[in-house]
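Structural overview for review
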Amino acid sequence: MKRRMIAEGKIYYKYLQMHLLSGMEYKGWWLMLIQVLVVVISDPIATVLLFSRFGNIGEWTVAHIILVYALAVASFGLAESLCRGFDYFPWQMLRSGDFDRLLLRPRSLFVQVAASRFHLHRLVRPVTGICAAGWALSELGVSLTPGKIAILAMALAGGCIMYCGVFVLTSGLAFFTIKGLDWIYLLTNASYQITRCPEPYMPRALKSMFSFVLPMLFISFYPAATVCGWGYPQWLGYLSLPAGAAFLCFSLLVWRFGVRHYKSTGS
Amino acid sequence: MNFRSTCRACSSLFRIRMAEGLQYRASAISGVFVSVFWGLIECVLFTVFYTYSDNGAWNNNGLALSQTISYVWLAQGLFVLQTMSIDSEIMSKINNGDVGVELCRPLNLYTHWFVKSSAGKLGTSWLRSLATILTGFLMPAGYALGAPASVLGFACFLLSAVMAFVLCSSFAMFVTAIRLNITWGDGPTYMLLLFSGILSGTYLPLRLWPDFMQTFLYLQPFGGFADIPVQLYVGSLTPSAALPAIGLQFFWSAVFIASGRTIMDHKLKSIIVQGG
C-alpha cells in the first residue's frame, strides 16, 4: 500500500514536471504570470473601490474583508493548482473520449486525472492571497503566534481540500450530464465572492448555504474570526479541516459512482 | 467572388451555429442559474453598502440603489456577449493546423470567422440573457430589475445593446487575430480578455469607480460592452447623451475590425501551419 502511494506520488510529480516544461515552450509563457497577477489584483479591486466610495460598514474595514477574502481565494488557488485536471476533465477529457485511455492504464485514476493539467501561473493566486492575508493581519494589528499560524494553515488546507472536492464533484456529475456544467461556477468563482459581504450583514439563507452545503465560511470567516478575536466561539475556527474533508469524501463517492456507470463518449 | 454569395454563406453559417448552440439547453439553463445567483450576491452586497456604510446615503455618484440593482441584472444579461475565451472551434483550428483547410475555402477568412464566432456567441446566449433579465423582473421588491427610465431611453438601450454585440464580436475577432500567432501561447489573449471584462462594468458599475477616472472610463472601448447600454436604461446617461455614446461604440467597433483584419492579413502571409 505504502509503496503504491509513493509510486503514484512520483507519477503525479512527473506529470507536473512535464506540463511545466511544455508550457514554457511558448515564447509568451511568462505573460501568463502577469495575467494571473492582474486577475488577483483586479478581483478584490471591486471591493476596495466600493470601500473607497462608500466608507466603512460599522466596524468593518477593507482589511477585515480582504483577510476573509484572501483566505478563500488562496485556498481556491491551491486547489486549482493541484487539481487542475479535474477542472478540465468534463470539458476536454470526457467529451473527446480520452478518458477511455486512462482506464486502460494500471494506475490510479485519481492521480492521472488530477495531473492531466498543470499551469504554473495558477500558483500566483495562492501566493498573492497569502500575501494579502498577511497585509490584512498587520493592518488589523494581530500579532501572529504559532497557534494562530496553525489555525490559518489549517484553514488553507481545509479550503484546498474543499475546492478539490468541488472539482471532483463536477467531474463525477459530468459522467451523467456530459455538457451543461456552467453551474460549477457557483461553487468556484462565485462562491468566494460571497466572502466580500461582511458576515453579520449576510442574509441568513446565504449564510446557511455557505456553511452547511459548501462549508465556505468554515474555511475563511471562522478561522479569521478566531485568529483576530471577533467574538465568535473559538472552536469554530478549528473546523476547517473536518468540514473540507467531509465535502471531499462526499465528492469522491459521487466520482466513484460515476466511473462505475461510465459509458464511452467520443471516438 | 461576389457579394451575394458571401451573404448567403454567412447566413447559413449563422443558422448552423445558432442551431448547434440551441441543442445544449441544459447548458443554457445552468448558465441562467449562475447569472441569477451571481446577480443576487451582487444585489446583497450593494444593498449592504448603500444601507449600512458610512457615506452610503450621500456617496454622490449619480447612481441610486435601485438603479444599481437594475444595472446588476442588465449587466448580467449582457455579460454573456463577452465570452472570456476565443470561440472554441476556431481555437482548436488554430491549434491543430486546420487553418490551412480554412484557407482553401472561397470565402475571406476574416469574414468567415467573424460570422462564425458571433453566431456561436448568440447561439445560446440570447436565451440565457433574456431568461436572466426576466428573472430579474420577477425578483422580490428590493432586488428587482426596475422599469426603464423613459421610453426614449429604452429605445436607445436597445440600439446600444445591438451595437454592443457588434463591438464584442469585433473585439473577439481582434483577439483571435492576435492568437493566430501561435508561438506566443495564450498569455496575451487572456490578458486582453480580462482587461476588457474588468473595464466593461460587469465587475463593478463604472460610475462607482473613483471620480478622477471617469473620463477615461467613458472613452475606453470596453465600456461599450455593457456599461453604455445599461446606463442608458437606468437613466444615468440621458437620451440626449445617447448619440455620442453609441457613436463611441461604433467608432471602437470600426477600429477593432480594421486592426483585426490588418493583423490577420499580415499574419496569413507568413503563416506556418502547425500539425498535419
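In this text, all values refer to a predicted model and were calculated from it rather than measured experimentally.

1. A closer look at the overall build of chain B
For chain B, the count of helices and strands is eleven helices and zero strands. Against the globule reference of 19 Å for 276 residues, chain B gives a C-alpha radius of gyration of 20 Å, in line with a compact fold. Dimensions of chain B along its principal axes, counting C-alpha atoms only, are 60 × 40 × 35 Å. Taken over 276 residues, chain B has a buried fraction of 53%. Considering only residue pairs separated by 6 or more positions, chain B has 80% of its internal contacts joining residues 24 or more positions apart. For chain B, the computed accessible surface area is about 12200 Å², with 70% contributed by carbon and sulfur atoms. Here chain B holds 15 positive side-chain charges and 11 negative ones, and the gap between their average locations is 13 Å.

2. Description of the environment of Ile 16 of chain B
All names here are of chain B. The residue Ile 16 is located in helix α1 (residues 3-23) in this model. Judged by relative accessible area, which is 52%, Ile 16 ranks as exposed. Taking C-alpha positions, Ile 16 is 21 Å from Leu 130, a pair spaced 114 residues apart along the chain.

3. Describing the side chain of Gln 231 of chain B
When you line up the elements, Gln 231 of chain B lands in helix α10 (residues 227-234). Overall, the relative accessible area of 6% leaves Gln 231 of chain B in the buried class.

4. Here we look at the environment of Val 255 of chain B
You can see Val 255 of chain B is positioned in helix α11 (residues 242-269). Spatially, the C-alpha atoms of Val 255 of chain B and Asp 87 of chain B are 21 Å apart, while their sequence positions differ by 168 residues.

5. Comments concerning the packing of aromatic side chains
Residue and element names in this part refer to chain B. All chains considered together, the criterion is met by 29 aromatic pairs over all chains. Where Phe 222 meets Phe 225, the ring centres are 5.7 Å apart and the plane angle is 70°; that geometry is what we call edge-to-face. Each member of the pair, Phe 222 as well as Phe 225, is classed as buried. By the ring-pair criterion, three or more aromatic residues cluster together here, those being Phe 171, Phe 174, Phe 222, Phe 225, Phe 251, Trp 252 and Phe 256.

6. Examining the packing of helix α3 (residues 62-82) of chain A against helix α8 (residues 124-139) of chain A
Residues and elements named next belong to chain A. Relative orientation of the contacting elements α3 and α8 amounts to 160°, with a least axis distance of 7 Å. The angle between α3 and α8 falls in the class roughly antiparallel. Read as a crossing pair, α3 and α8 show a hand that is left-handed. On α8, the residues that touch Ala 63, Ile 66, Leu 67, Ala 70, Val 73, Ala 74, Phe 76, Gly 77, Leu 78, Glu 80 and Ser 81 of α3 are Arg 125, Pro 126, Gly 129, Ile 130, Ala 132, Ala 133, Trp 135, Ala 136, Leu 137 and Glu 139. In terms of residue class, the contact of α3 with α8 is built from 15 nonpolar, three polar and three charged.

7. Focus on a nonpolar patch on the surface
Judged by side-chain polarity, Leu 22, Trp 126, Leu 127 and Leu 130 of chain B come together as a nonpolar surface patch covering roughly 330 Å² of accessible area. Note that Leu 127 of chain B resides in helix α6 (residues 109-138).

8. Some thoughts on the pattern of salt bridges
Residue and element names in this part refer to chain A. For the structure shown, the criterion picks out four salt bridges over all chains. Between Lys 207 and Glu 199 there is a salt bridge, and its shortest N-O distance comes to 3.8 Å. Residue classification places Lys 207 among the partly exposed positions, given a relative accessible area of 24%. Here Glu 199 falls in the buried class, since its relative accessible area comes to 5%.

9. Remarks on the side chain of Ser 75 of chain A
Residues and elements named next belong to chain A. Checked against the element boundaries, Ser 75 lands in helix α3. Classification of Ser 75 by relative accessible area gives buried; the value is 0%. Of the polar contacts made by the side chain of Ser 75, one reaches the backbone oxygen of Ala 72; its length is 3.0 Å.

10. Considering the UniProt feature "transmembrane region" (unreviewed entry) in chain B
In the numbering adopted here, UniProt assigns the feature "transmembrane region" (unreviewed entry) to residues 26-50, 62-81, 126-145, 151-178, 190-209 and 241-260 of chain B. Taken end to end, residues 26-50 of chain B has its terminal C-alpha atoms 36 Å apart, with 100% of it in helix and 0% in strand.

11. Focus on the environment of Asp 211 of chain B
As for its placement among the helices and strands, Asp 211 of chain B is situated in the loop between α8 (187-199) and α9 (214-219). Accessibility expressed as a relative area gives 51% for Asp 211 of chain B, which makes it exposed. Only 3.2 Å separates the side chain of Asp 211 of chain B from the side chain of Arg 53 of chain A, close enough to count as a polar contact.

12. Considering the interface of chain B and chain A
On the chain A side, the residues contacting the 46 residues of chain B number 41 residues. Between chain B and chain A we count two salt bridges in total. Among the salt bridges present, the one from Arg 53 of chain A reaches Asp 211 of chain B, with a minimum N-O distance of 3.2 Å. Linking chain B to chain A there are four residue pairs in polar contact (both at pLDDT 80 or more). The set of elements that each furnish at least two residues to the side of chain B that touches chain A consists of α2 (25-52) and α8 of chain B. Per-element tally for the side of chain B that touches chain A: the top contributor is α2 of chain B, with 17 residues.

13. Side note on the state of the cysteines
Using the criterion set out here, one finds zero disulfides over all chains in the structure. Summary of cysteine pairing: Cys 160 of chain A is not part of a disulfide, and the nearest cysteine sulfur, belonging to Cys 164 of chain A, is at 4.3 Å. In this structure Cys 156 of chain B is a free cysteine whose sulfur lies 19 Å from that of Cys 168 of chain B, the closest cysteine sulfur available. Overall, the relative accessible area of 13% leaves Cys 156 of chain B in the buried class.

14. Thoughts on helix α1 (residues 2-23) of chain A
Residue and element names in this part refer to chain A. Here α1 spans 32 Å end to end across 22 residues, near enough to the 32 Å set by a 1.5 Å rise per residue. Within α1 the residues assigned to the buried category are Glu 8, Tyr 15, Leu 16 and His 19. One side of α1 carries all its buried residues, which in axial view fall inside an arc of 95°. Opposite its buried face, α1 presents the exposed residues Lys 2, Arg 3, Lys 10, Tyr 13, Lys 14 and Leu 21, each directed more than 90 degrees away. As for α1, its buried residues are in contact with α7 (109-114).

About the criteria used
- Residues numbered from 1 in each chain as written.
- Chains lettered and ligands numbered in written order.
- Predicted model: local features only at pLDDT ≥ 70, side-chain atom pairs only at ≥ 80, totals over all residues.
- Heavy atoms only, no water.
- Helix = DSSP H or I, 4+ residues; strand = E, 2+ residues; numbered from the N terminus.
- Rg over C-alpha atoms; globule rule 2.2 N^0.38 Å.
- Buried < 20%, exposed > 50% of the residue type's maximum accessible area, 1.4 Å probe, protein only.
- Contact = heavy atoms within 4.5 Å.
- Areas by Shrake-Rupley, 256 points an atom, 1.4 Å probe, with all protein chains shown as cover.
- Lys, Arg positive; Asp, Glu negative; His and termini not counted.
- Charge placed at Lys NZ, Arg CZ, Asp CG, Glu CD.
- Phe/Tyr/Trp six-rings, centres within 6.5 Å; stacked < 30°, edge-to-face > 60°.
- Axes fitted to C-alpha atoms, helices over the stretch in contact; angles between N-to-C directions.
- Parallel < 35°, antiparallel > 145°, perpendicular 65-115°, else oblique.
- Left-handed = near helix turned anticlockwise from the far one by under 90°.
- Nonpolar A, V, L, I, M, F, W, Y, C, P; charged D, E, K, R; others polar.
- Patch = residues over 30% accessible without salt bridge, like charges linked within 9 Å, V, L, I, M, F, W, Y side chains within 5 Å.
- Salt bridge = Lys/Arg side-chain N within 4 Å of Asp/Glu carboxyl O.
- Polar contact = N/O pair within 3.5 Å; in protein donor to acceptor, adjacent residues only side chain to side chain.
- UniProt positions renumbered as here; feature names shortened; annotations may be inferred.
- Disulfide = S-S within 2.5 Å.
- Expected span 1.5 Å × (residues − 1).
- Arc of directions from axis to C-beta.

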